[in-house]
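An overview of the molecular structure
Chain by chain, the residues run as shown.
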Amino acid sequence: MPTVTLVVMGVSGSGKTTVAQRVAERLGWVFAEGDDFHPAANVAKMHAGHPLTDEDRWPWLRALADWIGVREAAGENAVLTCSALKRSYRALLDSGHPSVRFVHITASEETIRRRLEQRQGHYMPASLLDSQLATLEPLQPDEPGFTLPGDGEPDDVVDDVVRRLDA
Ligand SMILES: Nc1ncnc2c1ncn2[C@@H]1O[C@H](COP(=O)(O)OP(=O)(O)O)[C@@H](O)[C@H]1O
Ligand SMILES: [Mg+2]
């Protein structure tokens, strides 16, 4: 049986971690937080309010792609969070990995900003949202996966994800 690796993507504050954790729990799939794969230097940079460059992101993305490969080889369904803002980043994640389906969670800028201002204990300051939005290349119809509005209650967004997966 071919497996599925859901890569829950979108800008910081779109709700990736919240939704992905609940999807993994509901389906009993392996979960990984993409932020945890950043080298310490990247975390420090973001914490200081500096956007990451492509050069900063390649090693991180390669580590995530390796993780996807390990799950595929083990025959495990999995859920991973990763902002995956650019098409080229997504190409790195899904090339050679037929299990990958991106789920692009969107929300209005106003909603995202409010969430980021209220979120506690996270290194990504709300001030980085502008650069995230400027960098974002939305998921395209010819890429694997789908786009979903993430403005609703978390469990409703999770319902939508599971429904789209079944379809
Ligand atoms: N659907 C939602 N409705 C209301 N609040 C949400 C929703 N999704 C996430 N949040 C809240 O918004 C903040 C950002 O969500 P988070 O999952 O950390 O986003 P991301 O992982 O994309 O940066 C968190 O404080 C989270 O509790
Ligand atoms: Mg997150």
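How each quantity is defined
Residues numbered from 1 in each chain as written. Chains lettered and ligands numbered in written order. Predicted model: local features only at pLDDT ≥ 70, side-chain atom pairs only at ≥ 80, totals over all residues. Helix = DSSP H or I, 4+ residues; strand = E, 2+ residues; numbered from the N terminus. Axes fitted to C-alpha atoms, helices over the stretch in contact; angles between N-to-C directions. Parallel < 35°, antiparallel > 145°, perpendicular 65-115°, else oblique. Left-handed = near helix turned anticlockwise from the far one by under 90°. Contact = placed C-beta atoms within 7 Å. Nonpolar A, V, L, I, M, F, W, Y, C, P; charged D, E, K, R; others polar. Expected span 1.5 Å × (residues − 1). Buried ≥ 20, exposed ≤ 12 C-beta atoms within 10 Å, placed from the backbone. Arc of directions from axis to C-beta. Near = placed C-beta within 6 Å.

A few words now on the environment of arginine 115. For arginine 115, the position within the fold is in helix α5 (residues 109-118). Linking arginine 115 and alanine 126, residues eleven residues apart in sequence, is a C-alpha distance of 8.8 Å.

What follows concerns the packing of helix α1 (residues 16-27) against helix α7 (residues 154-166). Where α1 contacts α7, the axes come no closer than 9 Å and their chain directions differ by 60°. When the axes of α1 and α7 are compared, the pair comes out oblique. Our pair here, α1 against α7, has a crossing hand that is right-handed. Counting all contacts with α1, which are made through Thr18, Val19, Arg22, Val23 and Arg26, the residues of α7 involved are Pro154, Asp155, Val157, Val158, Val161 and Val162. Each residue belonging to the contact of α1 with α7 can be placed in one class, and the counts come to seven nonpolar, one polar and three charged.

Our focus in this paragraph is α7. The end-to-end C-alpha distance of α7 is 19 Å, a good match for the 18 Å that 13 residues give at a rise of 1.5 Å each. Burial in α7 covers these residues: Val157, Val158 and Val161. End-on view of α7: buried residues confined to an arc of 100°, all on one side of the axis. Away from its buried face, by an angle of more than 90 degrees, α7 presents the exposed residues Asp155, Asp156, Arg163 and Asp166. Contacts made by the buried residues of α7 are with α1, β4 (100-106) and β5 (145-149).

Here we come to the site of ligand 1. Near ligand 1 lie 17 residues; those nearest to it are Gly15, Lys16, Thr17, Thr18 and Arg115. Breaking the shell around ligand 1 down by element, the ones donating at least two residues are α1, α5 and α7. With three residues, α1 is the largest single contributor of residues to the shell around ligand 1. When grouped by side-chain class, the residues that make up the shell around ligand 1 number two nonpolar, eleven polar and four charged.

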